[in-house]
Amino acid sequence: MKFMKLKRILLTSALLIAAYGSLQAQQTQVIAHRGFWQTPGSAQNSITALVKADSIRCYGSEFDVWLTADNRLVVNHDDIFKGVSSQDATEAVCTAVRLDNGEPMPTLRQYALKSRELSTRLILELKPHRTPEQETRAAEGIVRMIHDYGLDGRVEYISFSLHAVKEFIRLAPAGTPVYYLNGELDPQALKDLGCAGADYEQSVFRQHPEWIEQCHALGMKVNVWTVNRAEDMEWLIEHKVDYITTNEPLLLQQILQKNQK
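The sections below set out a description of the structure shown in this document. Since the structure is predicted, the reported quantities are computational estimates derived from the model, not experimental observations.

1. Concerning the pattern of salt bridges
Logical step 1: For the structure on display, the rule yields 13 salt bridges.
Logical step 2: Arg-130 is the salt-bridge partner of Asp-79, the closest N and O atoms lying 3.9 Å from each other. Linking Asp-79 in the loop between β3 (73-75) and β4 (80-81) with Arg-130 in the loop between β6 (121-126) and α5 (132-148), this pair joins segments that are 51 residues apart in sequence.
Logical step 3: Residue Asp-79 is classed as buried on the basis of its relative accessible area of 17%.
Logical step 4: If you follow the salt bridges from partner to partner, you end up with Arg-206, Arg-229, Glu-231 and Asp-232 in one network.

2. Considerations on the pairing of strand β10 (residues 221-225)
Logical step 1: Along β10, four of the five residues are buried, which leaves the element largely enclosed by surrounding structure.
Logical step 2: When strand β9 (residues 197-201) meets β10, the two strands line up parallel, connected through five bridges. Across the sheet, Ala-198 pairs through a bridge with Val-222, a residue of β10.
Logical step 3: Bridge analysis of β10 against strand β11 (residues 243-246) gives two bridges, and the strand direction is parallel. Pairing of Val-224 across the sheet is with Ile-244, part of β11.

3. Considering helix α11 (residues 249-260)
Logical step 1: For α11, spanning 12 residues, the distance from its first C-alpha to its last is 16 Å, which sits close to the expected 16 Å at 1.5 Å a residue.
Logical step 2: Within α11, burial applies to Pro-249, Leu-252, Gln-253, Ile-255 and Leu-256. Angular distribution of buried residues about the axis of α11 spans 165°; they occupy a single face of the element. In this structure, α11 carries Gln-254 and Lys-258 as exposed residues pointing more than 90 degrees from its buried face.
Logical step 3: Buried-residue contacts for α11 involve β1 (29-32), α10 (230-238) and β11.

4. Quick notes on the pairing of strand β2 (residues 60-67)
Logical step 1: Extensive coverage of β2 is indicated by the burial of eight of its eight residues.
Logical step 2: A two-sided burial pattern is seen for β2, the buried positions comprising Gly-60, Glu-62, Asp-64 and Trp-66 on one face and Ser-61, Phe-63, Val-65 and Leu-67 on the other.
Logical step 3: For β1 and β2, the ladder comprises two bridges, and the chain directions are parallel. By the bridge assignment, Ala-32 is partnered in β2 with Ser-61.
Logical step 4: In this structure, β2 lies alongside β6, joined through six bridges in parallel fashion.

5. So, the nonpolar core
Logical step 1: By size, the foremost hydrophobic cluster in this structure holds 59 residues, and its most contacted members are Leu-108, Leu-124, Ile-142, Tyr-157, Phe-168 and Tyr-200.
Logical step 2: The element best represented in this core is α5, accounting for six residues.
Logical step 3: Every residue in contact with Leu-108, bar those within four places of it in the chain, is listed here: Phe-63, Val-65, Leu-73, Val-74, Val-75, Leu-124, Ile-142 and Met-145.
Logical step 4: Counting residues in hydrophobic clusters, the runner-up holds 10 residues, among them Val-74, Cys-94, Val-97 and Leu-99.

6. Comments concerning helix α9 (residues 210-217)
Logical step 1: Of the residues making up α9, those classed as buried are Trp-211, Ile-212 and Cys-215. Projection of α9 onto a plane perpendicular to its axis shows the buried side chains occupying an angular sector of 105°, all on one side. Facing away from the buried surface of α9 by more than 90 degrees, the exposed residues are Glu-213 and Ala-217.
Logical step 2: As for α9, its buried residues are in contact with α7 (187-193), β9, α8 (202-207) and β10.

7. Looking at the packing of aromatic side chains
Logical step 1: One pass over the structure, following the stated rule, counts six aromatic pairs.
Logical step 2: Residues Tyr-157 and Phe-168 carry aromatic rings whose centres are separated by 4.2 Å and whose planes lie at 0° to one another, so their mutual orientation is stacked. Of this pair, Tyr-157 sits in strand β7 (residues 155-159) while Phe-168 is found in helix α6 (residues 162-171), placing the two residues 11 residues apart along the sequence. Residues Tyr-157 and Phe-168 agree in their burial class; the two are buried.
Logical step 3: Within the aromatic cluster, the residues linked to one another by ring pairs are Tyr-200, Phe-205 and Trp-211.

8. Looking at the environment of Ala-53
Logical step 1: Checked against the element boundaries, Ala-53 lands in helix α2 (residues 47-55).
Logical step 2: Sequence separation between Ala-53 and Leu-118 is 65 residues, and the spatial gap between their C-alpha atoms is 9.7 Å.
Logical step 3: In this view, Ala-53 contacts Ala-32, Gly-35, Phe-36, Cys-58 and Ser-61; residues no more than four positions away in its chain are not counted.

9. Focus: the side chain of Glu-156
Logical step 1: Summarising the element assignment, Glu-156 is placed in strand β7.
Logical step 2: Reaching out from Glu-156, the side chain makes a polar contact with the side chain of Arg-121 at a distance of 2.8 Å.
Logical step 3: Once you skip the residues sitting within four places of it in the chain, Glu-156 turns out to touch Tyr-59, Arg-121, Leu-122, Ile-123, Leu-124, Pro-177 and Tyr-179.

What counts and how
Residues numbered from 1 in each chain as written. Predicted model: local features only at pLDDT ≥ 70, side-chain atom pairs only at ≥ 80, totals over all residues. Heavy atoms only, no water. Salt bridge = Lys/Arg side-chain N within 4 Å of Asp/Glu carboxyl O. Helix = DSSP H or I, 4+ residues; strand = E, 2+ residues; numbered from the N terminus. Buried < 20%, exposed > 50% of the residue type's maximum accessible area, 1.4 Å probe, protein only. Pairing = 2+ DSSP bridges. Expected span 1.5 Å × (residues − 1). Arc of directions from axis to C-beta. Contact = heavy atoms within 4.5 Å. Core = buried A, V, L, I, M, F, W, Y, C linked by side-chain atoms within 4.5 Å. Phe/Tyr/Trp six-rings, centres within 6.5 Å; stacked < 30°, edge-to-face > 60°. Polar contact = N/O pair within 3.5 Å; in protein donor to acceptor, adjacent residues only side chain to side chain.

Printed below as a string of structure tokens:
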């Protein structure tokens, strides 16, 4: 009798946990833009920003990648940062540059190595380069490195370059999410291209709110960037977008928790 009662309790608990997990899966998720950097000791695209995004349980941490002159991969948003052009400099020159928190500019290899200790997803943006050949070399090196570090199941690729997007779709393991950022393609065009969904600036969805529903009808996801105001977050949550990329991940988490009650 006691065994049957315990069995029922365990079954009920399992169902509650499953229901909570389902709710979490349906809720808009938080992506920290360039990591969680608006916090003491952090900086945009730093290893610390990646770790801090993981520490507050963001779904993902977005970061930017460049191919150096010696065909290495470094993490930074701007091509020219503190007087150094990533496309024209070697890895050694790039990594000698200090970020605003004092860390050296990280390599993708360092990002990948640190990520193995964490659980947040890697939202990897390949910046548009001067030539398609550079972007192809970069995409090849990125996909190979992500695989070598066992991170295939935790990475999503994004780019403003249509060529880079096509290369990630071609090179990455089947099912790897790849998103285009530029905003001019409608959901069906993205689907035909092989993208996992739309990853557009919020003004695009203000102009085309129907694209959110169309993406979902096509089995695709919707991410919106870069959303820092509470009223914009509320509008996007109301329209059931899947992800919001923000410089204010704590604010977005607070709003999501409030809406969940």
